[in-house]
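Residue-level listing of the chains:
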Amino acid sequence: MRPFLLLFLLFPVLELFVFVKVSAAIGFFPALLLIILGSLLGVMVLRVAGLATALRARESLNRGELPAQQMLEGLMLALGGGLLILPGFISDVFGLLMLLPFTRRLLANKMRERAEEQALRQRAFADDMRSARGGPAPQQPLGREPNVIEGEFEHRD
């Protein structure tokens, strides 16, 4: 938690420092105009990316595929647009990096791999807990127990 607090306090100071350096190099009003244009670009990206991601996810679902990759890339686009909205040059650079297709796919693939590893670890842990209790290993996805109702029936014509 302390690194996040330090980052939360240090990031605005770094942004202000970079803004002062850039405004000294190109002038205050051009630097301010760049920040405003970056924010407007972020708003446009959020509007367009949200609709495009929803359409791509719908197409994947229509083909019978899970839209995991499209959703992760949409998350990267939204995060990139949000970083562009934040005033400052450092956040704009990170936002633009997330908007580039190569880095966006790379980050989305890394996130998907980490999520899959985490799911496998959790499943292995749950399987170990079941075997320690003497129960059978689950065949259903984790968290879903089959609804089984035992009984007898009689067939009548």
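Residues numbered from 1 in each chain as written. Predicted model: local features only at pLDDT ≥ 70, side-chain atom pairs only at ≥ 80, totals over all residues. Heavy atoms only, no water.

Going by an unreviewed UniProt entry, the chain carries the name Membrane protein FxsA and comes from Pseudomonas sessilinigenes.

(A) Molecular detail of the packing of helix H1 (residues 2–26) against helix H4 (residues 89–99). Put simply, H1 and H4 touch, their axes get as near as 7 Å, and they point 100° apart. With respect to H4, the axis of H1 lies roughly perpendicular. Every residue of H4 that contacts H1 at Phe 11, Leu 14, Glu 15, Val 18, Phe 19 and Val 22 is listed here: Phe 89, Ile 90 and Ser 91. (Axes fitted to C-alpha atoms, helices over the stretch in contact; angles between N-to-C directions. Helix = DSSP H or I, 4+ residues; strand = E, 2+ residues; numbered from the N terminus. Parallel < 35°, antiparallel > 145°, perpendicular 65-115°, else oblique. Contact = heavy atoms within 4.5 Å.)

(B) Highlighting the nonpolar core. Core analysis: the largest hydrophobic core is formed by five residues, namely Val 45, Ala 49, Leu 77, Leu 84 and Leu 99. Looking at this core, the elements with two or more residues in it are helix H2 (28–62) and helix H3 (68–85). Sequence-distant contacts of Val 45, that is, excluding residues within four places in its chain, are made with Gly 50, Leu 77, Gly 81 and Leu 99. (Core = buried A, V, L, I, M, F, W, Y, C linked by side-chain atoms within 4.5 Å. Buried < 20%, exposed > 50% of the residue type's maximum accessible area, 1.4 Å probe, protein only.)

(C) Structural context of the UniProt feature "transmembrane region" (unreviewed entry) in the chain. In the numbering used here, UniProt assigns the "transmembrane region" (unreviewed entry) feature to residues 34–55 and 75–102. Across residues 75–102, the secondary structure splits into 86% helix and 0% strand, with the terminal C-alpha atoms separated by 15 Å. (UniProt positions renumbered as here; feature names shortened; annotations may be inferred.)

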